[in-house]
Amino acid sequence: MNYYSLNQQSPIVSFKDAAIQGQAPDKGLYFPEKLPRVNETLIKNIESIADVNIAFEVMKPYVAGSIDDENLYRIVKETISFPIPLNNINDQIASLELFHGPTLAFKDVGARFMSRCLGYFLRNEDREVTVLVATSGDTGGAVANGFYNVENVNVVILYPKGRVSPVQEKQLTTLGNNITALEVDGSFDDCQRMVKQAFADKEINEQKFLTSANSINVARWLPQQIYYFLAYKQWKEKSISPVVCVPSGNFGNICAGMLAKVTGLPLGHFIAACNVNDIVSHYLQTQELVPKQTTPTLSNAMDVGNPSNFIRIIELYNKQFPELKNNLSAYTITDAETLATIKIVAEKYQYTLEPHGAVAYLALERYLENHSTERGFILETAHPVKFPDAVKEATGKDVEVPAVLEEMMHRPKKSILMKPEFEALKSWLLEERK
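Residues numbered from 1 in each chain as written. Predicted model: local features only at pLDDT ≥ 70, side-chain atom pairs only at ≥ 80, totals over all residues. Heavy atoms only, no water.

Trainee: Explain the pairing of strand 6 (residues 129-134) residue by residue, including any values.
Mentor: With 6 of 6 residues buried, strand 6 lies mostly within the body of the structure. Of the two faces of strand 6, the one carrying Val129, Val131 and Val133 and the one carrying Thr130, Leu132 and Ala134 are both buried. In terms of strand pairing, strand 6 meets strand 7 (residues 153-160) through 6 bridges, oriented parallel. Bridged to Ala134 within strand 7 is Leu158. Bridge analysis of strand 6 against strand 9 (residues 210-212) gives 3 bridges, and the strand direction is parallel. From the neighbouring strand, Val131 faces strand 9, where its bridge partner is Thr211. (Buried < 20%, exposed > 50% of the residue type's maximum accessible area, 1.4 Å probe, protein only. Helix = DSSP H or I, 4+ residues; strand = E, 2+ residues; numbered from the N terminus. Pairing = 2+ DSSP bridges.)

Trainee: Describe the pattern of salt bridges, naming the residues involved and giving the relevant values.
Mentor: For the coordinates displayed, the defined rule picks out 18 salt bridges. Across the salt bridge formed by Lys343 and Glu347, the nearest N and O atoms sit 2.9 Å from each other. With Lys343 and Glu347 both in helix 16 (residues 335-349) and 4 residues apart, the pair spans about one turn of that helix. Exposure remark for Lys343: the relative accessible area of 38% places this residue in the partly exposed category. Given the relative accessible area of 52%, Glu347 is considered exposed. Between Asp398 and Lys392 there is a salt bridge whose closest N-O contact spans 3.1 Å. Relative accessible area serves as the criterion here: at 61%, Asp398 is assigned to the exposed category. (Salt bridge = Lys/Arg side-chain N within 4 Å of Asp/Glu carboxyl O.)

Trainee: Now, about the sheet that holds strand 12 (residues 328-332): what can you tell me, with residues and values included?
Mentor: The mixed open sheet is built from 6 strands, whose spatial order is 4-5-13-10-11-12. The strands lining the two open edges of the sheet, one partner per strand, are strand 4 (86-88) and strand 12. Averaged over neighbouring strand pairs, the angle between their axes works out to 25 degrees when direction is ignored. Pairing of strand 10 (residues 243-247) with strand 13 (residues 376-380) involves 3 bridges; the strand directions are parallel. Bridging across to strand 13, Cys245 finds its partner in Ile378. Packed onto the sheet, helix 12 (residues 252-262) meets strand 10, strand 11 (270-274), strand 12 and strand 13 and runs at close to 175 degrees relative to strand 11. Those strands touched by helix 13 (residues 279-286) are strand 11 and strand 12, and its axis lies near 125 degrees from that of strand 12. (Axes fitted to C-alpha atoms, helices over the stretch in contact; angles between N-to-C directions. Contact = heavy atoms within 4.5 Å.)

Trainee: How would you explain helix 8 (residues 188-200) if you had to name every residue and give the values?
Mentor: Side chains three or four residues apart in an α-helix point the same way, a direct result of the helix having 3.6 residues per turn. Helix length check: helix 8, at 13 residues, gives a terminal C-alpha distance of 18 Å against a target of 18 Å (1.5 Å per residue), a fit within 8%. Within the span of helix 8, buried status applies to Phe188, Asp189, Asp190, Cys191, Gln192, Met194, Val195, Ala198 and Phe199. In this structure Ser187 caps helix 8, since a side-chain oxygen of it lies 3.4 Å from the backbone nitrogen of Asp189. (Expected span 1.5 Å × (residues − 1). Polar contact = N/O pair within 3.5 Å; in protein donor to acceptor, adjacent residues only side chain to side chain.)

Trainee: Residue-level account of the pairing of strand 1 (residues 2-5), with values.
Mentor: Judged from the 2 bridges that link them, strand 1 and strand 2 (residues 13-14) form a sheet pairing that is antiparallel. Each residue of the ladder has a partner; that of Tyr3, found in strand 2, is Val13. Where strand 1 lies against strand 3 (residues 30-32), 3 bridges are found, and the strand directions are antiparallel. Within the sheet, the bridge partner assigned to Tyr3 lies in strand 3 and is Pro32.

Trainee: So what's going on with the packing of aromatic side chains? Residues and values would help.
Mentor: Inspection of every chain in the model, using the stated rule, returns 12 aromatic pairs. A ring pair is formed by Phe15 and Phe121, whose centres lie 6.2 Å apart and whose planes are at 65 degrees; its orientation type is edge-to-face. Of this pair, Phe15 sits in helix 1 (residues 15-21) while Phe121 is found in helix 5 (residues 107-121), placing the two residues 106 residues apart along the sequence. According to the relative accessible area criterion, Phe15 is buried, its value standing at 0%. Look at Phe121 and you get buried, because its relative accessible area is 5%. Members of the aromatic cluster, each reached through a chain of ring pairs, are Tyr3, Phe15, Tyr120 and Phe121. If you follow Lys238 out to its NZ or CZ, it ends over the ring of Tyr232, 5.0 Å from the centre. The ring of Trp221 has Arg312 sitting right over it, with the charged end atom 4.2 Å from the ring centre. (Phe/Tyr/Trp six-rings, centres within 6.5 Å; stacked < 30°, edge-to-face > 60°. Lys NZ or Arg CZ within 6 Å of the ring centre and 35° of its normal.)

Written as structure tokens, this is what we have:
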């Protein structure tokens, strides 16, 4: 499989080169040159096929020519070495729980797959690679955990000061060793802008071998398809294609699901559940994709004012707005509505949502009000323990801390405070990382 840049000004590359580079030289995102078709036998017999074999078949065409079958099987086996259950909340809405991995967030899947791919690609290299990544919440912890102690890889994570939850901050600031956390006194968009400028800077790239672990990287983005296939495996009523509602910030997660659908997975309509940082909701109404300043919310991983991956969704539908709109809706949910939803669902169904899942639940509920014969599932992207204050405010109850987090929460935080300015990042990368 080869990949081209969506800016159309860079050479076509292999999966290996796309994963190592992260972003194309022309600053475009990489996209598969030809979309594969899902094997119909896989879909027909999916309930009887082991999860690891499903994951292997899904990813095989995307890594063809770069990873042999034996190593791909090992990589996907390690990637999904934890449960990914689909549990009913009520008769119409189920929850795909993506928080049973090591950092209790959906990004464990992409980060584990990517870290193992890079480890494989760099196994015989003398040079070191610096993974430079911006996070609005869960990416940092997942990337830190996935790349911890990976040989020849240094990880630098930029996160917005005071805008991630206490658990999220601990997960990305307490490992040390080859993991460095830069605490930026600004927003996620500041962090993302600084990272993009670093990739574009000639001087940095002459001295550092940079790659990205954000969902712009194909090795982070593409494996997220796996859990949509595992959700369909668990979907009982195969005669009804499930509506899929995804809490959306940088739009890599929902883009992976829509790619799975386009290539043959029988999913229904997609819904982008947005908080007030809702430029895609605006786009679907006006065809105008206008970035805006981010507003901090309870669902902080979705506080993105310029989502990088939405251009991939536009490409997926050949830049045809009517076809895109026929497959995607968006709803905007406020913080007050988020808290109310957590409270109602806990009381009525004894199910605890965290803010991102609550945004998705209410968005799907609103869609189903006008499509009463349909059913669907939300992606519950993080464990409620990551947002204890919001959950307690809504329900009046503390979230029980999983044993896996107890020891980590007492580790000292290690971070470097940085101004939201590219020159500060550049100076640090060139001086401190020599």
